[in-house]
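What the coordinates show
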Amino acid sequence: MVSRVIPVDPFDLVVFGGTGDLARRKIMPALFRRCAAGQIPDAARIIGVARHDHDTNSYRALIAESLRAEEAEPCHLEGFLRRLEYRSLDATDPAGWDSLAACLGEGVRAFYFSVSPDLFGPLAERLRNHGLATPDSRIVVEKPFGHDLGSARALNRTLAAHFGEDQTYRIDHYLGKETVQNLMAVRFGNMLFEPLWNSQYVDHIQITVAESMGVGARGAYYDQAGAMRDMMQNHLMQLLCLIAMEPPAKFDPDAVRDEKLKVIRALDPVKPHHIVRGQYAAETGCGYREEVGDPRSITETYVALKAHISNWRWAGTPFYLRTGKRLVARSSIINVMFKDAPHSIFGEEAGRHANVLSIRLQPNEGITLKVTIKEPGPGGMRLVDVPLDMSFAKALGPENQNPPDAYERLIMDVIRGNQTLFMRGDEVEAAWAWTDPIIAGWQARGDVPKPYDCGSTGPGDAELLMKRDGRRWQGINP
Ligand code: NAD
């Protein structure tokens, strides 16, 4: 089965921060792939903007270099570079805007803010004041969206002064992952799961986003943020919403986002003993503190917590969320742990077997359902758990083995004007309203993260968090 590519209408996409890391590693490769797939028309233009002194030719060479790892047909590469232009401009300076305005056409204009967050407000203001913002314009705002509730509210207000909510696309790239969208398809496209999707049948849910890398070059930013702000408040919160939300009446942006918002608002405050903070440490000197050059840093690189959603569907079902850096493997997975059968007709010796629905986001996107069957062979009734593997590649053919990268889907959604997979302002604020008291509690108590070994599954206290409830984490497997 070959997926259909529907070309979008011509557009102008201005990438502020067009020479930066995100633009070169993610945005441009994503655009290139969509272009090579035939989705971006000839008349579309992609305009990189930054302070650097490039001209269009040297910028094309810079981007071509970033695309070296792509398996590119020369004609595809040429076709993409032809659509690329460059303008040098300082976002804080009044000069250069009129010339940028002059090179934009009629029709859809998308302005991608791939710059430091303190420039989001000034950029929105200048786009409006210099007449670049038309009714058909939209802005794409990268994370982090605020540092706490106050700063997120202030940023929402600033952006709202210049662009409508329907023109504002707050990116959380987790929402662009194929499996995340599949989660909605599995839940709401099948009769099989939804009747079981509640506290009566689900014992608990585990959401793990594990990274094997450390903070790398992002140390200065990360040390001010930590895992709670950098991962939990946005990515894990979004996954939690999609797992827990009620079926929206239709698959449209506000219907989906209304339901997600209700989940966040129904979250109970997290009790201090239901949360574990960790920081990676290493005897060999490659611990977090050495990496950020601050021997006293108490920024967490790991968080595990137990959350409760107070509504009819989920009262009594805990959600265990964990995320961390320098863990044993890179793995993002949601495990829906169903309850044991109420009574085993096979007797005690058959053991306890519960179904697990695993939704793997990365690597190897796919969905597995663990079911219990009879162990083959004579000699009585022994039960064994086997995975029913809904591997997309197997089911849909090898051409679907590598689904489009999240940025490919999200940028095309911006151009098409579909906000379903973007966070609305009130959602972001509600997520901060839940996160802020947790961080304030740590600060008030002088909490220090527990050290954990690089390459481990995190601090021992996270295992205890589960053990106290008679449960255990599923493994972190690559
Ligand atoms: P970067 O420092 O590599 O690039 C920043 C870009 O902004 C450069 O092109 C620079 O020339 C440009 N710039 C800086 N000041 C400017 C000004 N006054 N006027 C015009 N251009 C200016 O940063 P990055 O890693 O590409 O990150 C960009 C944004 O994306 C940040 O908000 C970051 O938090 C977010 N983000 C980055 C990543 C990532 O993997 N790099 C991931 C998620 C979110």
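Residues numbered from 1 in each chain as written. Predicted model: local features only at pLDDT ≥ 70, side-chain atom pairs only at ≥ 80, totals over all residues. Heavy atoms only, no water.

Let's talk about the overall build of the chain
How we decide: A run of DSSP states H or I qualifies as a helix once it reaches four residues; a run of E qualifies as a strand once it reaches two. Both are numbered from the N-terminal end. Whether two residues are in contact is decided by their heavy atoms, any of which lying within 4.5 Å being enough. The accessible surface values rely on the Shrake-Rupley method and a 1.4 Å probe; as for residues, cover is taken only from the protein chains in view. Counted as positive: Lys and Arg. Counted as negative: Asp and Glu, with His and the chain ends omitted from the count. Where a charge lies is defined by one atom per residue type: Lys uses NZ, Arg uses CZ, Asp uses CG and Glu uses CD.
Scanning the chain from N- to C-terminus turns up 14 helices and 15 strands. With respect to the principal axes defined by its C-alpha atoms, the chain has extents near 80 × 55 × 45 Å. Nonlocal contacts in the chain, meaning residues at least 24 apart in sequence, comprise 77% of its contacts between residues at least 6 apart. Summing over all exposed atoms, the chain offers an accessible surface of approximately 21,700 Å²; the carbon and sulfur share of this is 53%. One finds the centroid of the 56 positive side-chain charges in the chain at a distance of 3 Å from the centroid of its 61 negative side-chain charges.

Description of a nonpolar patch on the surface
To keep it simple, the criterion reads: Each patch groups residues whose relative accessible area exceeds 30% and which form no salt bridge, using 9 Å between like charges and 5 Å between nonpolar side chains of Val, Leu, Ile, Met, Phe, Trp and Tyr. Whenever a carboxyl oxygen of Asp or Glu lies within 4 Å of a side-chain nitrogen of Lys or Arg, that contact is scored as a salt bridge.
Taken together, the side chains of Ile-345, Phe-346 and Met-381 define a hydrophobic patch exposed on the protein surface, amounting to about 310 Å² of accessible area. Take Ile-345: it is sitting in the loop between β11 (331–340) and β12 (354–362).

Considerations on the site of the ligand
Rules: The criterion for a residue being near a molecule or strand is simple. One of its heavy atoms has to lie within 4 Å of it. Pairs of N or O atoms are called polar contacts if they sit within 3.5 Å, as long as, within protein, a hydrogen donor faces a hydrogen acceptor (for residues adjacent in sequence, only side-chain-to-side-chain pairs). Throughout this entry, Asp, Glu, Lys and Arg are counted as charged residues, while Ala, Val, Leu, Ile, Met, Phe, Trp, Tyr, Cys and Pro are counted as nonpolar. The remaining residues, Gly among them, count as polar.
Around the ligand there are 21 residues in total, and Thr-19, Asp-21, Arg-25, Ala-91 and Val-115 lie nearest to it. Side-chain polar atom of Arg-51 to a nitrogen atom of the ligand: 3.4 Å apart, as the coordinates give it. One of the backbone N or O atoms of Ala-91 is found 2.7 Å from a nitrogen atom in the ligand. For the ligand, whose accessible area on its own is 830 Å², the fraction buried by protein is 77%. Looking at which element gives the most residues to the shell around the ligand, the answer is helix α1 (residues 21–36), with three residues. Each residue belonging to the shell around the ligand can be placed in one class, and the counts come to nine nonpolar, six polar and six charged.

Some remarks on the sheet that holds strand β8 (residues 275–281)
Put simply, the test is: Between any two strands, pairing holds if DSSP finds at least two bridges. Angles here are taken between N-to-C directions and fall from 0 to 180 degrees, while the axes themselves are lines fitted to C-alpha atoms, restricted in helices to the stretch in contact.
Pairing is mixed across the open sheet formed by nine strands, whose spatial order is β14-β13-β12-β11-β7-β10-β9-β8-β15. Only two strands of the sheet have a single partner each, and these edge strands are β14 (383–390) and β15 (450–453). Along the sheet, successive strands turn relative to each other by an average axial angle of 20°, direction set aside. In this sheet, β12 lies alongside β11 in antiparallel orientation, the contact comprising seven bridges.

A few points about the domain arrangement of the chain
Condition: Segmentation of the chain into domains, including their bounds, is taken from an automatic or database domain assignment. Summed over both partners, the accessible area lost on bringing two parts together, with a 1.4 Å probe, is the buried area.
Under the domain assignment used here, the chain contains domain 1 (11–142) and domain 2 (175–467). One C-alpha centre belongs to domain 1, the other to domain 2, and the line joining them spans 33 Å. For the pairing of domain 1 and domain 2, the buried interface totals around 1,200 Å² over both sides, and the portion due to carbon and sulfur atoms is 70%. Among the residues domain 1 hides against domain 2, the three largest losses belong to Lys-26, Arg-34 and Arg-138. Together they make up 32% of the total. Put simply, domain 1 and domain 2 have three salt bridges between them. In this structure, the connection of domain 1 to domain 2 is made through five residue pairs in polar contact (both at pLDDT 80 or more). If you list the elements that add at least two residues to the side of domain 1 that touches domain 2, you get β1 (11–16), α1, β4 (108–113) and β5 (137–141). When residues of the side of domain 1 that touches domain 2 are assigned to their parent elements, the largest contribution, seven residues, is made by α1. Residue composition of the side of domain 1 that touches domain 2, by class: eleven nonpolar, one polar and five charged.

Quick look at the sheet that holds strand β6 (residues 168–170)
Strand order in the open sheet formed by six strands is β3-β2-β1-β4-β5-β6, with parallel pairing between adjacent strands. The outermost strands of the open sheet, each flanked by one partner alone, are β3 (84–88) and β6. Within this sheet the neighbouring strands show an average axis-to-axis angle of 20°, counted without direction. Relative to β6, β5 runs parallel, the two being bridged by three bridges. If you follow Ile-139 over to β6, its bridge partner there is Thr-168. Contacting β1, β2 (45–50), β3 and β4, α1 crosses the sheet at an angle of about 165° to β1. Strands β1, β4 and β5 of the sheet are contacted by helix α5 (residues 120–129), whose axis makes an angle of about 155° with β4.

Regarding the packing of α1 against helix α12 (residues 406–416)
We apply this condition: These descriptions rest on fixed angle ranges, namely under 35 degrees for roughly parallel, over 145 for roughly antiparallel, 65 to 115 for roughly perpendicular, and the rest for oblique.
In the contact formed by α1 and α12, the axes pass within 8 Å of each other and the chain directions differ by 70°. Classed by the angle they form, the pair α1 and α12 counts as roughly perpendicular. Of the residues in α12, those touching α1 at Leu-22, Lys-26, Ile-27, Ala-30, Leu-31, Arg-33 and Arg-34 are Tyr-407, Glu-408, Ile-411 and Met-412. Each residue belonging to the contact of α1 with α12 can be placed in one class, and the counts come to seven nonpolar, no polar and four charged.

Structural notes on empty space enclosed by the protein
Any empty space left between atoms is shown by rolling a water-sized probe over those atoms. This is how the line gets drawn: We place a 1 Å grid over just the protein atoms. Points where a 1.4 Å probe fits but has no way out form a cavity, open points with protein on both sides within 12 Å along at least 5 of 7 lines form a pocket, and any residue with an atom within 4 Å of a point lines it. Grid points are joined across faces, edges and corners, and a volume is the space filled by probe spheres set on the points.
Overall, the coordinates contain one cavity of 30 Å³ or more when judged by the stated rule. In terms of lining residues, the largest cavity is bounded by 15 residues, among which Phe-145, Gln-233, Asn-234, Met-423 and Val-428 are the most central. The set of elements that each furnish at least two residues to the lining of the largest cavity consists of α8 (219–244) and α13 (425–445). The element best represented in the lining of the largest cavity is α13, accounting for four residues. Residue classes in the lining of the largest cavity are distributed as eight nonpolar, three polar and four charged.

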